[in-house]
Amino acid sequence: MARNLIAQVDLQAIASNYRLAKAQAKHAKAVAIIKADAYGHGAVAVAKSLDTEVDAFGVAAIEEAIELREAGVRQPILLLEGFFESSELPLIDHYGFWSSLHSLEQLDMLEDFLREQPDVTGLHIWLKIDSGMHRLGVNPVDVDSMLSRLNALAGVEKVVVMSHFACADEPHRYHTERQLLLLQSTLQGVEYPKSFSNSAAVMQWPSAHHQWLRPGIMLYGGSPFAQAHPIADQLKAGMTLTTPIIAIREVPAGDAVGYGASWIADAPTRIATLAVGYADGYSRHAPSGTPVWLNGRRASIAGRVSMDMITIDLTGHPDAQVGDTVELWGRNLSVNEIAACCQTIPYTLLSGLTRRVKRQYISG
Ligand SMILES: *Cc1c(COP(=O)(O)O)cnc(C)c1O
């Protein structure tokens, strides 16, 4: 085996996190969000292992959805941003995808398509409302007329109304309640099923649960919250990223390690070099002191992250040897903690892993 940098993906942990999400809202269904290659875990493998268990999958775009269908995934697949051009509508029909619809332009395209293809039936449309995030979604004042237009389309079998929160990960801000109030007044008397909850809302905002949850990051064991959270504590790591020590040297006091000579040994120090770097998706913003897990205890990064390697301080690890396996995040070090060291969020670390990292799948 050559360069042994491995992201071990625990499919059972992901299934257990999905169950934990659904347990927060007993009667709700849940779209397992597997966009961006299942946040770096490998969408095909994750979807195939969850296929008999989940209610539906969610992806960002039709390319991701087609890859899953072609690989044999059978459950419904929701396109979270809908279609970008009308040429996708025949494919949505052909593959049976569910589509979000977030603009008047998309509704016009859908009506034109169904006028030209009167035999099409059974479409599932999730009307996305902009309730205050101001990224995607229709203006609440247009919702009634758009629902009537959808209702008039014989090709549309099922309508769900959806919305997305800007601040559900901040439990003490009023923003989420304001979005919920606007949704409540907009949807007064509307009987369609509703879907408002990303992971943060699944874990923190029961009043937003309704019929369909949309958990993403929590499936992979990442927490959407910057602070500790009782439900986040029950999540299991979906991925454990490990790599071996490829070299060890003794650095004299006063010598520096790595690019920019930014870390200086204050005593004679053993330094280990590991086969992982920013070209693998390990953040270059991980500063000296960022923890790694070696032989049952922590060690820490010493010096800058390079493209293909990092260096760690072996103080307190006199027995460490070339070939020892080091965990960068996962079972023993939460990806949230590493993300915080890098001043980012677990989403960017997980989804930023590159092709160079081998994915290895285990079940439990
Ligand atoms: C990505 C996404 C989600 C999942 O968000 P998490 O914070 O990862 O749970 C849910 N809904 C929509 C529309 C999304 O784009």
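Keep in mind that this is a model prediction, so the values were computed, not measured.

Position of valine 73 relative to the elements: it lies in the loop between helix 4 (62-70) and strand 4 (77-79). Here valine 73 falls in the buried class, since its relative accessible area comes to 2%. As for valine 73 and aspartate 324, which are separated by 251 residues in sequence, their C-alpha atoms are 38 Å apart.

Ranked by internal contacts, the top residues of the largest apolar core, which has 114 residues, are Leu110, Tyr282, Ile312 and Trp329. A total of 6 residues in this core trace back to one element, the largest contributor, which is helix 1 (residues 11-23). Not counting residues within four places of it along the chain, the set of residues in contact with tyrosine 282 comprises Val276, Gly277, Thr290, Ile301, Val305, Ile310, Leu328, Trp329 and Ile338. Core analysis: the second largest hydrophobic core is formed by 6 residues, Val251, Trp263, Ala265 and Ile271 among them.

Our focus in this paragraph is the domain arrangement of the chain. Many authors give the size of an interface as the accessible area that is lost as the parts come together. Annotation of the chain at the domain level lists domain 1 (11-222) and domain 2 (239-362). Each of domain 1 and domain 2 was reduced to a C-alpha centroid, and the two centroids are 37 Å apart. Summed over both sides, the interface of domain 1 with domain 2 buries roughly 900 Å², with 64% coming from carbon and sulfur. On the domain 1 side of the interface with domain 2, the three residues burying the most area are Gly40, His41 and Ile217, jointly 47% of the side's total. Applying the counting rule to domain 1 against domain 2 returns 0 salt bridges. Connecting domain 1 to domain 2 are 3 residue pairs in polar contact (both at pLDDT 80 or more). Taken together, the elements giving at least two residues each to the side of domain 1 that touches domain 2 come down to helix 1 and helix 2 (35-39). Residues that form the side of domain 1 that touches domain 2 fall into these classes: 6 nonpolar, 5 polar and no charged.

Thresholds applied
- Residues numbered from 1 in each chain as written.
- Predicted model: local features only at pLDDT ≥ 70, side-chain atom pairs only at ≥ 80, totals over all residues.
- Heavy atoms only, no water.
- Helix = DSSP H or I, 4+ residues; strand = E, 2+ residues; numbered from the N terminus.
- Buried < 20%, exposed > 50% of the residue type's maximum accessible area, 1.4 Å probe, protein only.
- Core = buried A, V, L, I, M, F, W, Y, C linked by side-chain atoms within 4.5 Å.
- Contact = heavy atoms within 4.5 Å.
- Domains from an automatic or database assignment.
- Buried area = accessible area lost by both parts, 1.4 Å probe.
- Salt bridge = Lys/Arg side-chain N within 4 Å of Asp/Glu carboxyl O.
- Polar contact = N/O pair within 3.5 Å; in protein donor to acceptor, adjacent residues only side chain to side chain.
- Nonpolar A, V, L, I, M, F, W, Y, C, P; charged D, E, K, R; others polar.

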